[in-house]
Amino acid sequence: AGRGRHSRFFADRGHPVTAIDRDTSVLDPHASIEVIQADLENGSFWPLGDRTFGAVVVTNYLHRPLMPDLLGALAPGGVLLYETFMVGNERFGRPSNPDHLLKDGELLDLARGRLSVTAYEARLISDPQMAMVQRIAARRPG
């Protein structure tokens, strides 16, 4: 959840929001956001159980073992909005570790056969800084 920019965006528009981060001390407080402190990379548990959501939003984060849980958290008709760095970003700084960079078309591969893709991009951006990113907006059938 980082500092909560996206969480606040949706909460301010009346959507229920659950924000997860291992360090919630930097998350700006907001009365209508459920905050869960959890290290999603420790491999011990998925903190949401079998809860499902109308949207799952992930930005600037990649931990591939979580992908099945993220897709499982989508309610029928739910939307996945995912944006993070991809191969090529190492030219511009961090992240540069291949474990934290999507391969070309990786988000499309994730969605294939599971989600209906509304929009997809794999491109160089210059704002807020130069970076190579992939973005997908996709909907779970139902």
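Everything here concerns the structure above.
Attention here is on the structure that accompanies the text. Fair warning: this is a prediction, and the values are worked out from it, not measured in the lab.

It is worth spelling out a nonpolar patch on the surface at this point. On the surface, a cluster of nonpolar side chains totalling about 240 Å² of accessible area is made up of F92, L124 and M130. For L124, the location among the structural elements is in strand β5 (residues 116-125).

Scanning the model with the defined rule gives five salt bridges in all. R64 serves as the salt-bridge partner of E106, at 2.6 Å between the closest nitrogen and oxygen. Of this pair, E106 sits in helix α3 (residues 106-111) while R64 is found in the loop between β3 (53-59) and α2 (67-72), placing the two residues 42 residues apart along the sequence. The class of E106 is buried, set by a relative accessible area of 16%. Since its relative accessible area comes to 24%, R64 is described here as partly exposed. Among the ionic pairs, D109 bridges to R112, the shortest N-O distance being 2.5 Å. According to the relative accessible area criterion, D109 is partly exposed, its value standing at 44%.

Two elements, β3 and strand β4 (residues 74-85), share six bridges in a ladder whose sense is parallel. Directly across from T59, in β4, lies its bridge partner E83. Handedness of the β3-α2-β4 crossover: right-handed. The sheet contact formed by β4 and strand β6 (residues 131-139) spans seven bridges and is antiparallel. Within β6, the position partnered with Y82 by the bridge is I136.

Basis of the calculations
Residues numbered from 1 in each chain as written. Predicted model: local features only at pLDDT ≥ 70, side-chain atom pairs only at ≥ 80, totals over all residues. Heavy atoms only, no water. Patch = residues over 30% accessible without salt bridge, like charges linked within 9 Å, V, L, I, M, F, W, Y side chains within 5 Å. Areas by Shrake-Rupley, 256 points an atom, 1.4 Å probe, with all protein chains shown as cover. Salt bridge = Lys/Arg side-chain N within 4 Å of Asp/Glu carboxyl O. Helix = DSSP H or I, 4+ residues; strand = E, 2+ residues; numbered from the N terminus. Buried < 20%, exposed > 50% of the residue type's maximum accessible area, 1.4 Å probe, protein only. Pairing = 2+ DSSP bridges. Right-handed = clockwise from strand over helix to strand, strands pointing away.

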